[in-house]
Every structure is written in structure tokens, then in C-alpha cells.
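Residue-level structure breakdown
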Amino acid sequence: MLAVSGFLTVGVFLALVLSRRVSVLFALTLVPIAAALVSGFGGRLGGLIADGLVTVAPVAIMITFAVLYFSLMVDTGLFDPAVARILRWAGGDPLKITVGTALLTLLVALDGDGASTFLITVSALLPIYQRLGMRRIVLAGVICLAAGVMNMVPWGGPTARAMAALHLDSGQLFLPVLPAMAAGVLWVLVAAYLIGRGERKRLGVVEVPAVERARLTGADRVRFWINALLTLVLVGCLLAQLADLEVLFLLAFLVALLVNRPSWAAQQELFTKHAYNVVLVVVVIFAAGVFTGILTGTGMIQAMAEGLVSVVPDSASGLLPVATAVASMPLSLVFTPDAFYYGVVPVLAETTAALGGDPAAIGRAAILGQMTTGFPLSPLTASTFILLGMSKVDLGEHQRFIFKWAFGTTLVMTAVALLTGVL
């Protein structure tokens, strides 16, 4: 019954979000609350919700200060030189802008952290898209494709979870899939080219008049270089993981305020200007905490995992890795990353081993098909709402636009993995 309740809860939630009948906020909260009450967990509802909120609190805190930090950097003109250079290179060509988006994201996403990748890339590129009249959904979609492939690095979330769950090292799990990952990168560039060609057809090559930026002098120039240095140090600390993300962004934001907005009146103006973006993203993240807290605390997710594994026939053991790679992407819409990698993958690996297969193949298949946990498509992944909140794109619209390209990435990498014998 728990498994049935869990599947119904997720199914109703996804149907409501994709149909746009209710907001994501209502779907994330009211649907699991109703499921908990119907399933007899009404007496524990407060504790379940509290546990979920505690889980996402660090992410919400980090996002609050990260959005404020990069919003302040945009206001001070830190990204204006980069925007100007990209515009000069692209010449107002939406195709070049789209491919450039993919290349920039592939580089920034080397840190393996989706949150910082989205904060940096959207802040830098959104002004260009707005200036050329390009759709924000293209920006979110291409960033999501490139970041998803790069999230396969060993320090990224999916691969790190798979190594921990199956007690494997990167040599056993990650190195064999490097050719498949390279194919995924090439596919992302092809996808960006095709998507960009559609934008070029829609808009044409936009004539962008040359804009002479005012030369910075005196105190403004000093502040610009301090902001640039501060941002480079912040990114370096994020890459080196010197502290928790929320701590790094809090400290960086305080320094940025001291440099750029030292007076209380100027700080109030900043908070007022960007309060909408902060509240919109943070509220949805806390709502996601309610959703995952209830599904996890009631045992629905565990029951769903066991139910899925129970229907695998013995005769299909040889196809299990391939089936895992192909199916794990849509299944990632149902499970949180932790639930999938710590709940489903170990059971599938154990089943494969019992049937004479290689359990490491299941781990490799899982990271090849993680495209909704690496790609921000799943409502159960907090970084999804960072990307969508900053680019102001609706979740259901984003899913409908990019799902086919993301699933295509999984299929391309799975095919290459089969050809190279790692599955």
C-alpha cells in the first residue's frame, strides 16, 4: 500500500505540474500532505514536514546569499565586459550565442556543483538573451544539458553517490564511462547547435549596435577589480570545497556589501530590488522539503524501490544494466537522488550479482541515466529551482522543452557504453 500511495502521489504531482493546473508550490505541499493523511500518517505529519524542512534548510540559506551576491555583482557591472565580448564574437547571431552557452557551461560545470554553475552562467548570460530577444527557456535548457553531462565527474553528486552506495572507486565506476561521457559532450554541442539554429530562424541575425562602455575611473575602477578578485576567490573556494557553500556565499556577500553598498539605505535598496527573486526560489525549495520529507519519512520511497525491483524477471538479468541506464532517467523524476542511488541502485546491483552479472555495471548505467538529477529537470532536485528561478522559466514548460534532448543524451551515452563494453 505504501508503494501504491507513493506512485500515486508522484503521479498526481507530475500530472498537476505538467498540466499547469496548479502552481508548483501547491503541488509540492498539498499533494504529499493529502497522501500522508489518507495513508494514516496524520499524527506524524508535523514531524515529517519538519524533517524535510531541516534537510533543505542549508540549500535555502545558500541560495539566499548566492542570489543576493550575484545580483549585486550584476548591478555593479561585473559581467558587462564578458557580455560585450560575447556579443562582439556572436555578432548578434542566436546560433553562436546558444553554442557559446553550452561551451561556457561545460567549463564552469567542472566544479561538479549544479548550484554554483547555474548561478554563474545565468548571471552572465541572461542579459545577452534579453538583449537579443532570445527565449529564456533556451538558456535554461542548454545550461541544463551541458551541466548534466559534466555532473558525471567523480566529485559530482550522482557519481559520488553511486561510488558510496556500491563501495566502488572512480577507477571502477567513472573511468570506464569516459568515452561515453565524451560522446555526451559532443551530443550536447550538437543539440545546442540545433536549438540555436531554431532561434536564428525565428529571430534572424540581430543587428546589435556597438555600445561604448563608459571607462571606469577612480573609485569605480577599484571596486570593479575588487569585485572581480572577490568572485574569482569565491569560485576557487567553491571548486576547492574549502567550506560549506552557504558559509562561502554568506562571507562573500558580506564582503561585497561592505565594498559596494556600505550604507544601510543602499543595502535596503538592494534587498527591495531583488527580494522577489530570493523569495520565489527559497519558498519553492522549502516546499520541495515538505514533499521529500513526507515521502521519505512515511517509507513510501523505500516501498516504491522494493516494488520496482520485485518485478524484474530472472531472464532479464543480462539486460538489467542497459535497462537501468535507459529507465533511470525517467525514474529520476520519481525518486530523489539520495533515494535512487542509496535505495534503488544497491538493490539492482545485488540482483545483478546474484544472477551472475557485474554489479559495477549497474553503477555505471545509473550515472549514464542520471540526466534528471544531473540535468535540473526533477522537482526533487533543489538546483532545478535555482536555474528556473534565476532564468524565470516555468518548471512544466522547461520539462516539456528539454526532456527529449536530455533523454537523447542518455541514449547516446548508453549506445557508446555498449560499444565499448562497459555495460
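Everything numeric in this text was worked out from a predicted model, so none of it was measured.

Secondary structure summary: the protein chain contains 19 helices and zero strands in total. Within the protein chain, the proportion of its 423 residues that are buried is 53%. Residue pairs in contact within the protein chain that sit at least 24 positions apart in sequence constitute 80% of those at least 6 positions apart. Accessible surface, the protein chain: about 17900 Å² in total, of which carbon and sulfur atoms supply 67%.

Along the polypeptide, Ala 366 turns up in helix H17 (residues 359-368). It is 8.2 Å that separates the C-alpha atoms of Ala 366 and Pro 321, two residues lying 45 residues apart in sequence. If sequence neighbours within four positions are ignored, Ala 366 has contacts with Thr 324, Ser 328, Phe 340, Tyr 341 and Val 345.

The next subject is the packing of helix H5 (residues 94-108) against helix H7 (residues 136-150). Taken N-terminus to C-terminus, the directions of H5 and H7 make an angle of 35°; their axes are 8 Å apart at the nearest point. For H5 against H7, the interelement crossing comes out right-handed. Residues Thr 98, Thr 101, Ala 102, Thr 105 and Leu 106 of H5 form the contact with H7, whose participating residues are Val 138, Leu 139, Val 142, Ile 143, Ala 146, Ala 147 and Met 150. In terms of residue class, the contact of H5 with H7 is built from nine nonpolar, three polar and no charged.

Counted under the stated rule, the structure contains five salt bridges. As a salt-bridge pair, Arg 200 and Asp 93 come within 2.7 Å of each other at their nearest N and O atoms. With a gap of 107 residues between them, Arg 200 in helix H10 (residues 178-203) and Asp 93 in the loop between helix H4 (80-90) and H5 connect regions that are remote in the sequence. For Glu 199, the salt bridge is made with Arg 202, and the minimal N-O distance between the two is 3.1 Å. Here Glu 199 pairs with Arg 202, and both are found in helix H10, just three residues apart, close to one helical turn. Judged by its relative accessible area of 0%, Glu 199 is buried. Here the salt bridges share partners, and the residues they tie into one network are Arg 135, Glu 199 and Arg 202.

A word on the packing of aromatic side chains. One pass over the full model with this rule turns up eight aromatic pairs. Ring geometry for Trp 187 versus Trp 405: centroids 6.3 Å apart, planes at 40°, classification tilted. Linking Trp 187 in helix H10 with Trp 405 in helix H19 (residues 395-419), this pair joins segments that are 218 residues apart in sequence. Take Trp 187: its relative accessible area is 23%, and that puts it in the partly exposed class. Relative to Phe 407, the ring of Phe 403 has its centre 5.9 Å away and its plane inclined at 35°; by these criteria the two rings are tilted. One end of the pair, Phe 403, and the other, Phe 407, are both in helix H19, four residues apart, so they sit about a helical turn from each other. You can call Phe 403 partly exposed: its relative accessible area is 28%. Each residue in the set Phe 65, Phe 253 and Phe 271 is aromatic and connected to the rest through ring pairs, giving one cluster. Sitting over the ring of Phe 401, Lys 404 keeps its end group 5.7 Å from the ring centre.

Quick look at H10 now. Relative to the 38 Å expected for 26 residues at 1.5 Å per residue, H10 spans 37 Å between its end C-alpha atoms, a close match to the ideal helical length. Residues Ala 180, Met 181, Ala 183, Gly 184, Val 185, Val 188, Ala 191, Ala 192, Ile 195, Gly 196 and Glu 199 constitute the buried set of H10. Looking at the buried positions of H10, the neighbouring elements they touch are H5, H7, H17 and H19.

A word on the environment of Val 412. With respect to the helices, strands and loops of the structure, Val 412 is situated in helix H19. For Val 412, a relative accessible area of 25% puts it in the partly exposed group. On a C-alpha basis, the gap between Val 412 and Leu 186 in space is 9.8 Å, while along the polypeptide they are 226 residues apart. Leave out the neighbours within four places in its chain, and Val 412 touches Ala 183 and Trp 187.

On to the confidence of the model for the protein chain. Residues of the protein chain with pLDDT of at least 70 account for 87%, and the chain-wide mean is 81. Looking at the elements of the protein chain, mean pLDDT is at its lowest for helix H16 (residues 337-354), recorded as 71, and at its highest for H10, recorded as 92.

Glancing now at the nonpolar core. Inside soluble globular proteins, nonpolar side chains tend to come together where they are buried. Membership of the largest hydrophobic core comes to 125 residues, with the highest contact counts inside it found for Leu 28, Tyr 69 and Leu 119. Look past the residues within four positions of Leu 28 in its chain and what remains in contact with it is Phe 13, Val 284, Ala 287, Ala 288, Val 290, Phe 291, Pro 379 and Phe 385.

Here we take up H17. Within H17, nine of the ten residues are buried, which leaves it mostly tucked inside the rest of the structure. For H17, the complete set of buried residues consists of Ala 360, Ala 361, Ile 362, Gly 363, Arg 364, Ala 365, Ala 366, Ile 367 and Leu 368. Capping of H17 at its N-terminal end is provided by Asp 358; its side-chain oxygen lies 3.1 Å from the backbone amide nitrogen of Ala 360.

Time to look at the environment of Tyr 276. Summarising the element assignment, Tyr 276 is placed in helix H13 (residues 264-297). Since its relative accessible area comes to 56%, Tyr 276 is described here as exposed. Separated by 113 residues in the primary sequence, Tyr 276 and Gly 389 place their C-alpha atoms 10.0 Å from one another.

What counts, and at which threshold
Residues numbered from 1 in each chain as written. Predicted model: local features only at pLDDT ≥ 70, side-chain atom pairs only at ≥ 80, totals over all residues. Heavy atoms only, no water. Helix = DSSP H or I, 4+ residues; strand = E, 2+ residues; numbered from the N terminus. Buried < 20%, exposed > 50% of the residue type's maximum accessible area, 1.4 Å probe, protein only. Contact = heavy atoms within 4.5 Å. Areas by Shrake-Rupley, 256 points an atom, 1.4 Å probe, with all protein chains shown as cover. Axes fitted to C-alpha atoms, helices over the stretch in contact; angles between N-to-C directions. Left-handed = near helix turned anticlockwise from the far one by under 90°. Nonpolar A, V, L, I, M, F, W, Y, C, P; charged D, E, K, R; others polar. Salt bridge = Lys/Arg side-chain N within 4 Å of Asp/Glu carboxyl O. Phe/Tyr/Trp six-rings, centres within 6.5 Å; stacked < 30°, edge-to-face > 60°. Lys NZ or Arg CZ within 6 Å of the ring centre and 35° of its normal. Expected span 1.5 Å × (residues − 1). pLDDT = per-residue confidence, 0-100. Core = buried A, V, L, I, M, F, W, Y, C linked by side-chain atoms within 4.5 Å. Polar contact = N/O pair within 3.5 Å; in protein donor to acceptor, adjacent residues only side chain to side chain.

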